[in-house]
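# An overview of the molecular structure
Each chain is listed here by its residues.
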Amino acid sequence: MARPIWTGSITFGLVSVPVGLYSATRAHEVSFHQFEKGTADRIRYQRVNERTGDEVEFDDIVKGTDVGRGKLVMLDQEELDAVAPGRSRSLEIHRFVGLDEIDPVFYQKTYFLAPGSDETVKTYALLRDAMSDANRVAIGTLVMRGKEYLAAIRPDGNLLVLQTMFFADEVRDPAKELDRVPGASKAKPAELSMAAQLIDSMSGPWKPADYRDTYTDRVKKLIKAKRAGKEVTVAAEAPEPTNVTDLLEVLRRSVEAAKKPATKKPTTKKPTTKKPTAKKSTAKKAAGKKTAAKKATAKKRAS
């Protein structure tokens, strides 16, 4: 069983619920090392004093910040720990809000919250069910690994799920970051209508299992091919941008393609030997009797 990466208590009002925090996701990308080109020599990083060129031990490193005019303020870990908020291991809930009110850009990483012990299961389940009935998400703060996090806690089936969030001043303003931010749409009504049809024709239920990291699959296939000395297949180039003058026609063709059912491979049916029906069987018997009668008549005439 996995070990919790953080333990503490959810507190709201005078209620305290001991919980454990467990990572809900894991990455599956291929792990690479760095090597000098043309050799098998591994590249490693060292903590080096830029003035002397000497390597520095980790325990001898402190943190510092430039406060301007060439002045530095140095801080060691003990000083940082002394001012760290929430050392009491408390996940304090500040407010309950509607899930739809939260912009997904604020979400960071997802964790499972589990009851801290058998004795706290009832209180845990009470909080979960009350939040589910009210359709609310709890917004709180916690300190984990020397950093304070904003967090959203929501019910998910039998569990409570916690998602760490960015603070407001950590989310960038797109108007200040992007070279161009499109304003109101200048599309023609026919183009908007066709785009709506395309979206409708491609709509469906959310099924996470339908999607797979195909790039990682290709990387693994590439490694396997190079290991076996086989030729590497190059992927197709990215499509060219759609010409604005052809937009309506491209949308129309896209709608038609989306509406076409997926072609199924033809199935080869085995030939079956059909038993003769009652009518066919009777007809055969009658024909047989007529043939026998003709042969008997021919014999009599011959004699």
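The preceding data block contains the structure.
Residues numbered from 1 in each chain as written. Predicted model: local features only at pLDDT ≥ 70, side-chain atom pairs only at ≥ 80, totals over all residues. Heavy atoms only, no water.

A few words now on the overall build of the protein. Each helix and strand counted, the protein has seven helices and nine strands in total. Taking all 303 residues of the protein together, the buried fraction comes to 17%. In the protein, the proportion of contacts linking residues at least 24 apart, taken out of those at least 6 apart, comes to 60%. For the protein, the exposed surface amounts to about 26,200 Å²; the carbon and sulfur share of it is 54%. (Helix = DSSP H or I, 4+ residues; strand = E, 2+ residues; numbered from the N terminus. Buried < 20%, exposed > 50% of the residue type's maximum accessible area, 1.4 Å probe, protein only. Contact = heavy atoms within 4.5 Å. Areas by Shrake-Rupley, 256 points an atom, 1.4 Å probe, with all protein chains shown as cover.)

Our focus in this paragraph is unusual backbone geometry. In this structure, Arg69 takes a positive phi of about 55° despite not being glycine. With respect to the helices, strands and loops of the structure, Arg69 is situated in the loop between β3 (63-68) and β4 (71-75). Positive phi, close to 55°, is recorded for Asn135, a residue that is not glycine. Inspection of the secondary structure assignment puts Asn135 in the loop between α2 (121-134) and β7 (137-144).

A few words now on the nonpolar core. In terms of nonpolar packing, the biggest core is built from 20 residues, with Ile10, Leu21, Leu113, Leu142, Ile153, Leu160 and Leu162 touching the most fellow members. At the level of elements, β1 (6-12), β2 (15-23), β5 (90-97), β6 (107-115), α2, β7, β8 (147-156) and β9 (159-165) are the ones that each hand at least two residues to this core. Setting aside chain neighbours within four positions, we find Leu142 in contact with Trp6, Leu21, Ser90, Leu91, Lys147, Glu148, Tyr149 and Ala151. In this structure, Ile102, Tyr107, Val137 and Met165 belong to the second largest nonpolar core, which totals eight residues. (Core = buried A, V, L, I, M, F, W, Y, C linked by side-chain atoms within 4.5 Å.)

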